[in-house]
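What follows is each chain in one-letter form.
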Amino acid sequence: MSEQPILEARGLSRRFGHVTALDGADFDVRPGEVVALIGDNGAGKSTLVKALSGNLAVDSGEIRFDGKPVAIETPTVASGLGIETVYQDLALAPHLDPVANMFLGREVMRPGVLGALGFMDAKQMRVGAQEAFDLLGATVTDLNVPVGSMSGGQRQAIAIARAVHWANRVVFLDEPTAALGVRQTANVLDTIRRVRDHGVAVVFISHSMPHVIEVSDRVQVLRMGRRVATFETAQTSMEELVGAMTGVNGEAA
Amino acid sequence: MSVQAPPTSITTRIVRVQAFQILLVLIAIWVVFAILEGDRFATVGNMRLVAQNAAILAILGVGMTFVIITAGIDLSIGSVMVFSGVIGAKVMVAQGGDGWGTAWLGIAASVAAGLAWGLVNGVLVAKAKIPPLIVTLGTLGMALGLAQIITKGVDIREVPLVMQSKIGYGNAFGDVPMLAGIALVFLVVGGVVLHLTRFGRHTYAIGSNEEAARRVGLKVDRHLIAVYAISGGLAGVAGILSLAQFATTAIAGQSQTNLNVIAAVVIGGTSLFGGVGTIFGTVVGLFIPAVLQNGFIIVGIQPFWQQVAVGAVLIVAVYVDQLRRAAAQRGGRTNVLSRLRGRESTSNEE
Ligand SMILES: Nc1ncnc2c1ncn2[C@@H]1O[C@H](COP(=O)(O)OP(=O)(O)O)[C@@H](O)[C@H]1O
Ligand SMILES: [Mg+2]
């Protein structure tokens, strides 16, 4: 896995008023690997994800995709590059059903004239969504009810299934297991591995060090808006990771 | 695979929908009047009258349903309707004549005028980010004021005869009034667009979670402008139809129209918080006041009671909706907690 990164950030900075969320942050992820992005609350993880997924403009710094500088100005640009994101707040439309959420902005249209007139192919979207949920082992019990009436775990599963379904290069998961039970968490970790095995780069944000160790290939640590350490997961320990997050053991790498 | 709970059956889903519950209320009202005064109330002629009176409001209701589903509001429709009617009347007077040529010119002018106001509303809401309540309160005053300035406060009463006889009190087919027929077309098209097309789906999505809609790449601003333009354009249609029905611009006659239409839309189950609503519900919501008014007159109760009754229905309908939302909220506690947790770090999103 010494390939060049599929997605790389160099020196990203972003201020919100007097808060410096990103302070020259670097980041990189290669095809077919799981990178865990860890750091204390407020370290800038979510901000970094937003910057790399077209949801936030940075003040300075460079983003490279496949080795070439790119401007990821909107989520649509990110999707076009094959980058999908599960946001910490999930970003689902609560009044729409799982199928509608899954295909929101990418509706499958009816063939021919009807499609040109804007008619959607409800059946095909339903089949597609069901397949995606099954693949995830997601317990989406009812495709007809608004996702707002579902449990946090189900909603999270839907958001993950959506991202995984559409991502073919990079998928960001911002604390995807925060609302999940044990079994659902195991499903998500399985999904992460499966997606990685298809050659997709996975960026996994989590506060759970056991999960990080279990699923990631490399770990990158953010502190105060900057990457302060990178580890090969196989050659590190929870103590070392926690130390790097809090800065107690001094700076690594 | 895990054990799956049985999916909600289609009947359960229908019964849960507010539009359906309100339909039962409408039927009950109808039955009461039919029993009390059947030979005068439950007649083709009387139903014809009710339909005719509800037709113009129904056309406005289509646009309002779209707007409210986006979590917006359009207070300007009554004024825009008057303004459009005035423009239509002016154009037809200038053209002269009583034939279809003149009539079509007036129709086009009126719809264009309404569309223009709708675009103004939409751009101010979507681009300038001014709350819809304020924007449309502003254009409510502007459109009405301009209508009065243009007419110097005197209603125009010259309307081509063909409009009055064919549209105003003509029949579409059988005993169905032309106005009701036209309204039906708009309702069906509105319902199909809302429930079956991508445009409709995006309307719900934006009202449900605007931020999520933006993140999946929906062109939210453009969509909102389109929705307000539709509402304005339909007010233009209503303006010219009202001219055909009453043969006057009735400048002072629409001051309650916006509130009546909003009440109907909300009674029909469309949520002021956005993301929920149906055209069918709006139709039912319109017929409740229409049938009440008509029934009260026939059975000899002061028609003013209609306003009292409709007010009560409105409050009850929203209360029921509120209860339902509260129940859904309780079901979604995990999410509320996780969102609170997330807020520490991702507060005040862009
Ligand atoms: N939209 C915003 N407006 C103001 N401050 C923000 C915004 N987004 C993030 N921040 C601030 O930037 C810092 C980094 O936040 P974030 O990236 O969410 O951290 P993490 O996800 O690592 O917990 C925090 O201090 C946070 O308060
Ligand atoms: Mg975060």
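Residues numbered from 1 in each chain as written. Chains lettered and ligands numbered in written order. Predicted model: local features only at pLDDT ≥ 70, side-chain atom pairs only at ≥ 80, totals over all residues. Heavy atoms only, no water.

### Here we look at the packing of aromatic side chains
Here is step 1 of the chain: Applying the stated rule across the entire model yields 7 aromatic pairs over all chains.
Here is step 2 of the chain: Aromatic side chains Phe103 of chain A and Trp166 of chain A sit 5.6 Å apart centroid to centroid with 85° between the ring planes, which places their arrangement in the edge-to-face category. Within this pair, whereas Phe103 of chain A is found in the loop between helix H3 (98-102) and helix H4 (112-116), its partner Trp166 of chain A is found in helix H6 (residues 152-166), the two being separated by 63 residues in sequence.
Here is step 3 of the chain: Under the relative-accessibility criterion, Phe103 of chain A is labelled buried at 4%.
Here is step 4 of the chain: Between Trp100 of chain B and Trp104 of chain B the ring centres are 6.4 Å apart and the planes differ by 35°, which places this aromatic pair in the tilted class. Of this pair, Trp100 of chain B and Trp104 of chain B are both found in helix H5 (residues 100-126), 4 residues apart, which corresponds to roughly one turn of the helix.
Here is step 5 of the chain: On the accessibility criterion, Trp100 of chain B (37% relative accessible area) is partly exposed. (Phe/Tyr/Trp six-rings, centres within 6.5 Å; stacked < 30°, edge-to-face > 60°. Helix = DSSP H or I, 4+ residues; strand = E, 2+ residues; numbered from the N terminus. Buried < 20%, exposed > 50% of the residue type's maximum accessible area, 1.4 Å probe, protein only.)

### Let's talk about the coordination of the magnesium ion (ligand 2)
Residues and elements named next belong to chain A.
Here is step 1 of the chain: The coordination sphere of the magnesium ion (ligand 2), as far as protein atoms go, consists of Ser46 (OG) and Gln88 (OE1), spread over 2.1 to 2.5 Å. Residue Ser46 is found in helix H1 (residues 45-52), and its partner Gln88 is found in the loop between strand S6 (83-86) and H3; the two are separated by 42 residues along the sequence.
Here is step 2 of the chain: Judged by its relative accessible area of 17%, Gln88 falls in the buried class. (Donors = N, O, S within 2.8 Å, 3.2 Å for Na, K, Ca; no water.)

### Quick notes on the pairing of strand S10 (residues 226-232) of chain A
All names here are of chain A.
Here is step 1 of the chain: The pairing of strand S9 (residues 218-223) with S10 spans 6 bridges and is classified as antiparallel. When the sheet's bridge partners are listed, Val221 is paired in S10 with Ala229.
Here is step 2 of the chain: Taking the residues that link successive antiparallel strands as the turn, the S9-S10 hairpin has 2 residues, and the phi of Met224 there is positive, at about 50°. (Pairing = 2+ DSSP bridges.)

### Some remarks on the UniProt feature "transmembrane region" (unreviewed entry) in chain B
All names here are of chain B.
Here is step 1 of the chain: Here, UniProt's "transmembrane region" (unreviewed entry) annotation points to residues 20-37, 49-69, 100-120, 132-151, 172-194, 225-247, 259-292 and 304-320.
Here is step 2 of the chain: Annotated as residues 100-120, this span is 100% helix and 0% strand, and its ends, taken at the C-alpha atoms, are 30 Å apart.
Here is step 3 of the chain: In this annotation, residues 259-292 is assigned 68% helix and 0% strand; the end-to-end C-alpha distance for the span is 17 Å. (UniProt positions renumbered as here; feature names shortened; annotations may be inferred.)

### With respect to the pattern of salt bridges
If charged atoms from side chains of opposite charge come close, those side chains can pair.
All names here are of chain B.
Here is step 1 of the chain: The tally for this structure, following the rule as stated, stands at 20 salt bridges over all chains.
Here is step 2 of the chain: The partner of Asp221 in a salt bridge is Lys127, with the nearest N and O atoms 3.6 Å apart. Highlighted residues: Asp221 in helix H11 (residues 220-246) and Lys127 in the loop between H5 and helix H6 (132-151), separated in sequence by 94 residues.
Here is step 3 of the chain: By relative accessible area, which is 54% here, Lys127 ends up exposed.
Here is step 4 of the chain: One network of salt bridges, with partners in common, ties together Lys127, Lys129, Glu210, Arg214 and Asp221. (Salt bridge = Lys/Arg side-chain N within 4 Å of Asp/Glu carboxyl O.)

### Focus on the sheet that holds strand S4 (residues 60-65) of chain A
Residue and element names in this part refer to chain A.
Here is step 1 of the chain: With antiparallel pairing, 4 strands are arranged side by side in an open sheet as S2-S1-S4-S5. For this open sheet the edge positions go to strand S2 (19-29) and strand S5 (68-70), each flanked by a neighbour on one side alone. For this sheet, the mean angle separating the axes of adjacent strands, direction not counted, is 30°.
Here is step 2 of the chain: The pairing of strand S1 (residues 7-16) with S2 spans 8 bridges and is antiparallel. Its bridge partner lying in S2, Leu7 is registered against Val29. (Axes fitted to C-alpha atoms, helices over the stretch in contact; angles between N-to-C directions.)

### A word on the confidence of the model for chain B
Residues and elements named next belong to chain B.
Here is step 1 of the chain: On average, residues of chain B score 88 in pLDDT, and 89% of them reach the 70 mark or higher.
Here is step 2 of the chain: Of all the helices and strands in chain B, helix H15 (residues 333-346) carries the lowest mean pLDDT, 38, while helix H9 (residues 198-208) carries the highest, 98.
Here is step 3 of the chain: Note that pLDDT drops below 50 for residues 1-6; the model gives that stretch 7 contacts with residues more than four away or on any other chain.
Here is step 4 of the chain: For residues 332-350, every residue scores under 50 in pLDDT, and the model assigns this stretch 22 contacts once sequence neighbours within four places are set aside.
Here is step 5 of the chain: Scored as a complex, the prediction yields pTM 0.88 and ipTM 0.87. (pLDDT = per-residue confidence, 0-100. Contact = heavy atoms within 4.5 Å.)

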